[in-house]
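The chain contents come next:
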Amino acid sequence: MGAISKWSFLELFHIGIGPSSSHTVGPMKAAKDFMEKHLQQAKIKKLSFITVELFGSLALTGKGHGTDKAILLGLSMEDPETINPNAIETILEHIKTSKKIELPSCGISFNGEIQFNFNRQLKHHPNGVKFTSYSTDSRGAKKILLEQVYFSVGGGTILTEEEIKKLNGRKGPPEGIKIPPYPFLTGDELLRMCRETKKKISEVMMENELFYHSREEVTTAIEKRYRVMQECINRGMNQEGQLPGPLKVKKRAKDLKRRLVDALQNQRGENLRTLDWVNLFAISVNEENASGSKVVTAPTNGASGIIPATLRYYMEFCDGQPGDEETFILTATAIGLLYKMNASISGAEVGCQGEVGVASSMAAGALCELLGGTPLQVENAAEIAMEHHLGLTCDPIAGLVQIPCIERNAMGAVKAINAARMSLMGDGEHVVSLDKVIKTMKKTGDDMLNSYKETSKGGLAIHVNVTEC
Ligand code: SF4
């Protein structure tokens, strides 16, 4: 979307629930924000009922991505980071049967209807949602209390219509924000800052973080995200059954793990067994994401398996040490911010190259630094990973974040590892810069037909029949 509010990992790594950051986490935050506006303006007691309209990609793949459910949870003032995933079904069932949303101070009528505008897209962004609230007087006359349009611009970030108008087309930070010691806008600027200060990319990022937060806050927030990533892998590896939805996709992480442990015990296998583990780590996270569990957007939910899988690979197979996760996340952040500022991390805007491609690029650069890469090699690794995701479309079958998304994360993690290794074999000198590949990704996304941008109107989504029952 072309702008960030901080040079911080908090711009990219959010804790939320699956299956989608733009279609689940973002709309839930928007709904909660809308309710908070009523509280701030002392309008909550007058609120009688609410209508919700979805536009563009939010309407087209909203059912499969659980957008309607996320909105009901957000209107109930639930937060994606703190919600208990086990309580979700109870809350939704209560709204369905009582036709009411319960709030601490009152209950609001809600007939559960969310309007899906399949043929309308709002100006500014394909992921639009409009909330309108009404009061009703003693004679039954209704009056609009508040109206607000939000856009879910990728990775769980939301902008109001007023905010997006100010940002559209802007590359740098919005006016008035605090500028940290290293306010790089491009990969070239980042490399120059590293060269002049003889710092690694993670060190540059840490100085930026310390401009906004205390050391303790940085450590605590990164540890929290790292813990959620690990829990997600571990939980995913022990789940069986089917993923939700009409595809009836079988969860395979547990079986995959059993086979790998078995092969390990029997000393069977060839040199590439490590890749199977990387696949397992990514599949575990993305099966959890598809099941609506708690995940870290990295930088999105759809692509949430790549960074945890690559980081776990490093920790388990490359002799990772405690604290290395911080370096990994900071370097990954620097790369991710370049995409967020200069292109997009939204599948609805630029296709899957903006989700899986960006996550793979972030992971490649971060792994490269931990394996001893110079800033130039890190930039090269990030570039290689994106170069070979260019043109990747977003065509989720039945609008679910399952096929091709789950396996695609495994592929993205493997590509990240290979990109880091290829870069480390060279001296960092290369023809296509990261800046150029980011520009190309953005232009490719602009040229891509809408049917390939999270609308489920093209690609696998229309060539695979799904039988609803
Ligand atoms: S195809 Fe890619 S961008 Fe689209 S929903 Fe799946 S992971 Fe997200």
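Just so you know, these numbers come straight off a predicted model, no measurement behind them.

This part is about helix 11 (residues 273-290). With 18 residues, helix 11 extends 26 Å from end C-alpha to end C-alpha; this agrees with the ideal 26 Å at 1.5 Å per step. After helix 11 finishes, the residue glycine 292 shows a positive phi value of roughly 85 degrees.

We now examine the domain arrangement of the chain. Entries for the chain in the domain assignment read domain 1 (21-167) and domain 2 (187-463). Listed per partner, the contact involves 22 residues of domain 1 and 24 residues of domain 2. Interface area for domain 1 against domain 2, summed over the two sides, is near 1600 Å², with a carbon-plus-sulfur share of 50%. Counting only elements with at least two residues in the side of domain 1 that touches domain 2, the list comes to helix 1 (21-40), helix 2 (57-60), helix 3 (62-65) and strand 7 (142-154). The dominant element in the side of domain 1 that touches domain 2, judged by the number of residues it contributes, is helix 1, at four residues. Its residues placed into classes, the side of domain 1 that touches domain 2 shows seven nonpolar, 14 polar and one charged.

All right, on to the nonpolar core then. Grouped together as the largest cluster of nonpolar side chains are 93 residues, with contacts concentrated most on Phe13, Phe184, Ile307 and Tyr339. Not counting residues within four places of it along the chain, the set of residues in contact with tyrosine 339 comprises Ser344, Ile345, Val358, Ser361, Ala382, Met386, Leu434, Val437, Ile438 and Met441. Counting 34 residues, the second-largest nonpolar core is a separate cluster that includes Ala31, Ala59, Leu92 and Val129.

Another aspect to go through is the side chain of glutamine 353. Looking at the element boundaries, glutamine 353 is found in the loop between helix 14 (347-350) and helix 15 (356-370). According to the relative accessible area criterion, glutamine 353 is buried, its value standing at 0%. Apart from the residues lying within four places of it in its own chain, the contact partners of glutamine 353 are Val358, Met386, His389, Leu390, Gly391, Leu392, Met441, Thr444, Gly445 and Met448.

Right, let's get into the packing of aromatic side chains. Under the defined criterion, the tally for this structure stands at seven aromatic pairs. An angle of 10 degrees between the planes, with centres 4.8 Å apart, marks the rings of phenylalanine 49 and tyrosine 134 as stacked. Residue phenylalanine 49 is found in strand 2 (residues 49-56), and its partner tyrosine 134 is found in strand 6 (residues 127-136); the two are separated by 85 residues along the sequence. Relative to tyrosine 150, the ring of phenylalanine 131 has its centre 5.7 Å away and its plane inclined at 80 degrees; by these criteria the two rings are edge-to-face. Separated by 19 residues along the polypeptide, phenylalanine 131 in strand 6 and tyrosine 150 in strand 7 bring together distant segments of the chain. The exposure classification of phenylalanine 131 matches that of tyrosine 150, with both residues buried. An aromatic cluster of three or more residues is present, and its members are Phe34, Phe131 and Tyr150. Lying over the aromatic face of tyrosine 134, lysine 142 brings its terminal NZ or CZ to 5.2 Å of the ring centre.

In terms of burial, strand 6 is a largely internal element, eight of the 10 residues being buried. As defined by bridge partners, strand 2 adjoins strand 6 across eight bridges and the pair is classed as antiparallel. Opposite valine 52, over in strand 6, you have phenylalanine 131 as the bridge partner. As paired elements, strand 6 and strand 7 share nine bridges and run antiparallel to each other. Considered in strand 7, the bridge of phenylalanine 131 is made with glutamine 148. A loop of five residues connects strand 6 with strand 7, the two strands running antiparallel in sequence, and glycine 140 in this loop sits at a positive phi of about 90 degrees.

With that out of the way, let us pick up the pairing of strand 8 (residues 157-160). Pairing geometry for strand 7 and strand 8, over four bridges, is antiparallel. The partner of phenylalanine 151 across the bridge, within strand 8, is leucine 159.

A cluster of nonpolar side chains, Ile403, Leu460 and Val464, forms an exposed patch at the surface whose accessible area comes to about 190 Å². Take leucine 460: it is sitting in helix 19 (residues 460-463).

Quick look at the pattern of salt bridges now. In total, this model carries 20 salt bridges according to the counting rule given. Residue glutamate 147 pairs with lysine 130 through a salt bridge whose shortest N-O separation is 3.4 Å. Of this pair, glutamate 147 sits in strand 7 while lysine 130 sits in strand 6, placing them 17 residues apart in sequence. By relative accessible area, glutamate 147 is classed as partly exposed at 44%. With a shortest N-O distance of 3.1 Å, aspartate 446 and lysine 442 are connected by a salt bridge. Taken together, the positions of aspartate 446 and lysine 442, both in helix 18 (residues 434-447) and four residues apart, correspond to about one turn of that helix. Judged by its relative accessible area of 28%, lysine 442 is partly exposed. Salt bridges linked by common partners bring Lys32, Glu36 and Asp79 together as one network.

The rules behind the values
Residues numbered from 1 in each chain as written. Predicted model: local features only at pLDDT ≥ 70, side-chain atom pairs only at ≥ 80, totals over all residues. Heavy atoms only, no water. Helix = DSSP H or I, 4+ residues; strand = E, 2+ residues; numbered from the N terminus. Expected span 1.5 Å × (residues − 1). Domains from an automatic or database assignment. Contact = heavy atoms within 4.5 Å. Buried area = accessible area lost by both parts, 1.4 Å probe. Nonpolar A, V, L, I, M, F, W, Y, C, P; charged D, E, K, R; others polar. Core = buried A, V, L, I, M, F, W, Y, C linked by side-chain atoms within 4.5 Å. Buried < 20%, exposed > 50% of the residue type's maximum accessible area, 1.4 Å probe, protein only. Phe/Tyr/Trp six-rings, centres within 6.5 Å; stacked < 30°, edge-to-face > 60°. Lys NZ or Arg CZ within 6 Å of the ring centre and 35° of its normal. Pairing = 2+ DSSP bridges. Patch = residues over 30% accessible without salt bridge, like charges linked within 9 Å, V, L, I, M, F, W, Y side chains within 5 Å. Areas by Shrake-Rupley, 256 points an atom, 1.4 Å probe, with all protein chains shown as cover. Salt bridge = Lys/Arg side-chain N within 4 Å of Asp/Glu carboxyl O.

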